[in-house]
Amino acid sequence: MKTRADRRTPEDTADKAGHSRRSERPRGETFVWMTAMGLTVGLTMIVFLLGLVVTNGVGVFWPRRVALVEFREDRDTRFQGGTKALGVITIEQDRDVRDLTIEQSESPHAADRREKQLFLGNRDAFGQAFSFFPAGDIQSVTYPDDVIRAERLEWGDALFFPVRLEMEDGTAVEADDPIFHSHLHRLVEDAAARRAQIHRIERYEIGRINLQMHQLEQEERYFARQDSLTDQQRSEREAVAGRMDELRAEYQPLADRAAELRSKQQRDILVYRLVTGEERSILVGQIVHHYYPNRLGVAGRAQIFAGQLWRFLSGYPREANTEGGIFPAIFGTFVMTLLMSVAVMPFGVMAAIYLREYARQGLFVRAVRIAINNLAGVPSIVFGIFGLGFFVYFVGGGIDRMFFDRALPAPTFGTGGILWASLTLALMTVPVVIVATEEALAAVPRGVREGSLACGASKWQTIRYLVLPAAAPGIMTGLVLAMARGAGEVAPLMLVGVVALAPNLPLDGLFPFIHLERKFMHLGFHIYDLGFQSPDSEAAKPMVFATTLVLILLVVALNLIATLVRNHLRKKYTADKF
Amino acid sequence: MNDKRDSTFAASRGSGEIRQKRVQVGQRQKQTGNDAHARYIQVRDHSFFYGTTQVLYDLNMDIPERHVTALIGPSGCGKSTLLRNFNRMNDLIDGISHRGDILIDGRSIYDPYLEVISLRKRIGMVFQKSNPFPKSIYENIVYSLRVAGRNRRAELDETVERSLRAAALWDEVKDRLRETAFSLSGGQMQRLCIARAIANRPEILLMDEPCSALDPVATGKIEDLIHQLKEEYTIIIVTHNMQQAARVSDRTAFLYMGRLIEYNDTEKIFTNPTEEQTEAYVSGRFG
């Protein structure tokens, strides 16, 4: 037999619901609105932030057309005394009203009150890479076909018209020669290959010898400092001297080879003409890459874009970090975050297990828990100072006195390094892991623990086989939070090992492969260095956005990995029925 | 009859060690007659406290071997507490204390030289809410063996089949032993928990309202199972369901406000109780 409710049609039900809403005003409706509004504000801010960073960061690498701007003869805007300027139009905006003359502010043409910013390049010739021009003074904007934009090892980009290539053998290829373009392309590629080779020789082969020589020199200095030497020390000293000579002998052919390659980089010269008419020349070996920005189709632009992006991600920084790539910073951030996770996980989890599972719950444990929660709120710079005082000076200094006494007074571990930075951050994030782990442990159902104990398992076996696996997703959540906080932290790192430019990576092919005592670069500090410490802040701005984007992506990637692991664990160990 | 059951029991046992133990028990039984058998578990002047709150008052009862003993009584009467004292599960709670003693097979469970883990290995427990571990069906069963350090594959396989057959679950799950235990239905999960409890061949099986969350069909299956299991195990079951107590148990204890009101053969309790309170409770007039 069917009940009345079964026979009711959907319309009936809807009507009834609607009716009740009309007749009786539901309580709490405004509160729903408020909560939704809170979420909307948060989401808007996040979308806005990401949008800003992405558009500014990605736009840096997109090759834009280079405009030839001609100024009106009857106005007095001039560039370097001429009426033409060549550059990429980067910004177009209203001028500051305080800069306007009365005529301009009353002018019927809106263009008179606007201005354009041009990226001019050629910092070596013009002294500045960016300049504003009043839009109303511009006669025409054209996009000449034969402009080359070249990224140089020094002085940033250059925008110019090519004139001719002067080869080592005295021959020259004029720019209007049809083979000029392919010729230049080949020479630039050859130079890039040689540069990579020089880099390899100097960084790895000579680097290895330098490292050993550095250590031997420290020994030598140590012997020199001693008032008198024992026989054994004397023979040691001789061995050091002998080894030193061997290394010098090894070093010489490599240095010669690098010098030879370097001299090849000096052979070919590109002569070019600036927009002012001035002719200048540049060694082809100085050009990192070049392209004709006004000849490119979409595919060509995409190719250039990919190339520039790749050089940015994989390259080493040049010219006070404002040019080149950020690979050492990415790598440093990554290695540091990993080391931090390795350090924070066992400590945090073990502490939480004791606190939740073994400690007798009482006043003392409550006090400890409050202290841990407060620790999470301590400003990070405080941890930096503690890291400097405790890890660097006390622990590192102690290690130096015990194991690296021959290198003293030059510190080995007694100065900032990636190990101390990781440990400092681990200390900073350990409360996050403890709190998350405790919550995860508490969420493991009592029934599972009792079932295990009833099976004759000890408390530790219960924790090891059932509680920890079931809590693993929650623990991973804690690690995600810790990593996100650690990877984005800058202030404490400045005290314990981050530098603006580190000569070597913390992890490389030289024995012992991982160099925990080395200083390292970090994306967060790199952003600070670019934005606030570089001589040309205008030029650094796009790099700041690009680096920020990379930092965000790196944190997202690390979180994503941890989240995937967590979901995998969650699927494995939990189900809706418990 | 009891002797006959004993001998078939000994023959059916696979493990030599346990057979030996059984023989010893049998021998002692011969010496002391049916007395030791009927007084397999002895509760002596047992009182129990949560902090300062007394929940059990001077209980005295003898629980016979290989029978089903039901503990009944209204909520809060202390029957679960008593059940959980047999394997000292209440040790997990802070601030507990006890008076008197509980002896199993002549030995006090509160003996300071007795390790609580070895006590629990001899006593299986099934909980009110089925609590399979977040592992495969197979790993759920062999858990008690693994924690005892027994990892031989052949032994584990044998245990899984024997336990699941004993719990009447083998035919339903034999093709998916590697699947997670959460893929089972509620009744199957509870039978899995029973299989897990008997995997390590305990002597006693404690059941804390094992059917309270199950439908009548699953309840029927579990009750049938209890009937079969008492051939091998001493079963103590806590239940709220009078019919169930009447159906499955041989002896019934009625507890009220932490005191043992009446303890007798089930038939007697339900048909002709001595105490007025018992009669009122089993006939549904209070509680």
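What you are looking at is a predicted structure, and each value in this text was computed from that prediction instead of being measured.

Moving on: the overall build of chain A. Scanning chain A from terminus to terminus reveals 17 helices and 13 strands. Structurally, chain A occupies a C-alpha span of about 95 × 95 × 50 Å along its principal axes. The burial tally for chain A puts 43% of its 578 residues in the buried class. A sequence separation of at least 24 residues applies to 68% of the contacts in chain A between residues at least 6 apart. Of the roughly 31100 Å² of accessible surface on chain A, 60% is carried by carbon and sulfur atoms. Averaging the coordinates of the 65 positive side-chain charges in chain A and doing the same for the 65 negative ones gives two points 12 Å apart.

Let us look at the domain arrangement of chain A. Residue and element names in this part refer to chain A. Partitioning chain A into domains gives domain 1 (63-165 + 272-314), domain 2 (168-267) and domain 3 (327-571). Counting residues at the interface gives 11 residues for domain 2 and 11 residues for domain 3. Where domain 2 touches domain 3, the interface holds 0 salt bridges. The interface formed by domain 2 and domain 3 holds 0 residue pairs in polar contact (both at pLDDT 80 or more) in total. When residues of the side of domain 2 that touches domain 3 are assigned to their parent elements, the largest contribution, 10 residues, is made by helix α6 (residues 180-225).

What follows deals with the confidence of the model for chain A. Averaged over every residue, the pLDDT of chain A is 83; residues scoring 70 or more account for 94%. The model gives residues 1-14 of chain A a pLDDT under 50, and that stretch makes 2 contacts with residues more than four places away or in other chains.

On to the packing of helix α6 (residues 137-147) of chain B against helix α7 (residues 153-166) of chain B, then. All names here are of chain B. Their axes nearest at 9 Å, the elements α6 and α7 cross at an angle of 120 degrees. With respect to each other, α6 and α7 are oriented oblique. Considering how the two elements wind past one another, α6 and α7 form a crossing that is right-handed. Here α6 contributes Y138, I141, V142, L145 and R146 to the contact with α7, which in turn contributes R153, E155, L156, D157, T159, V160, S163 and L164.

The next subject is a nonpolar patch on the surface. Residue and element names in this part refer to chain A. A surface patch of nonpolar side chains, amounting to about 640 Å² of accessible area, comprises I381, V382, I385, M494, L495, Y528 and F532. Broken down by secondary-structure element, the contributors of at least two residues to the nonpolar patch are α11 (380-403), α15 (491-496) and α16 (523-533). Considering each element in turn, the nonpolar patch owes the most residues, 3 residues, to α11. With respect to the helices, strands and loops of the structure, I381 is situated in helix α11.

Once that is clear, we can look at the state of the cysteines. For the structure on display, the rule yields 0 disulfides over all chains. As a non-bridged cysteine, C455(A) has C193(B) as the owner of its nearest cysteine sulfur, 8.9 Å distant. Of all cysteine sulfurs in the structure, the one in C193(B) sits closest to C211(B), which takes part in no disulfide; the separation is 12 Å. For C211(B), a relative accessible area of 8% translates into the label buried.

Once that is clear, we can look at the pattern of salt bridges. Residues and elements named next belong to chain A. Under the criterion given, the structure shown has 37 salt bridges over all chains. When the shortest N-O distance is used, the salt bridge between E166 and R164 registers 3.0 Å. Given a relative accessible area of 28%, E166 falls into the partly exposed group. Note on R164: relative accessible area 23%, which makes it partly exposed. A salt bridge links E278 to R280, with the shortest nitrogen-to-oxygen separation between them at 3.0 Å.

What counts, and at which threshold
- Residues numbered from 1 in each chain as written.
- Chains lettered and ligands numbered in written order.
- Predicted model: local features only at pLDDT ≥ 70, side-chain atom pairs only at ≥ 80, totals over all residues.
- Heavy atoms only, no water.
- Helix = DSSP H or I, 4+ residues; strand = E, 2+ residues; numbered from the N terminus.
- Buried < 20%, exposed > 50% of the residue type's maximum accessible area, 1.4 Å probe, protein only.
- Contact = heavy atoms within 4.5 Å.
- Areas by Shrake-Rupley, 256 points an atom, 1.4 Å probe, with all protein chains shown as cover.
- Lys, Arg positive; Asp, Glu negative; His and termini not counted.
- Charge placed at Lys NZ, Arg CZ, Asp CG, Glu CD.
- Domains from an automatic or database assignment.
- Salt bridge = Lys/Arg side-chain N within 4 Å of Asp/Glu carboxyl O.
- Polar contact = N/O pair within 3.5 Å; in protein donor to acceptor, adjacent residues only side chain to side chain.
- pLDDT = per-residue confidence, 0-100.
- Axes fitted to C-alpha atoms, helices over the stretch in contact; angles between N-to-C directions.
- Parallel < 35°, antiparallel > 145°, perpendicular 65-115°, else oblique.
- Left-handed = near helix turned anticlockwise from the far one by under 90°.
- Patch = residues over 30% accessible without salt bridge, like charges linked within 9 Å, V, L, I, M, F, W, Y side chains within 5 Å.
- Disulfide = S-S within 2.5 Å.

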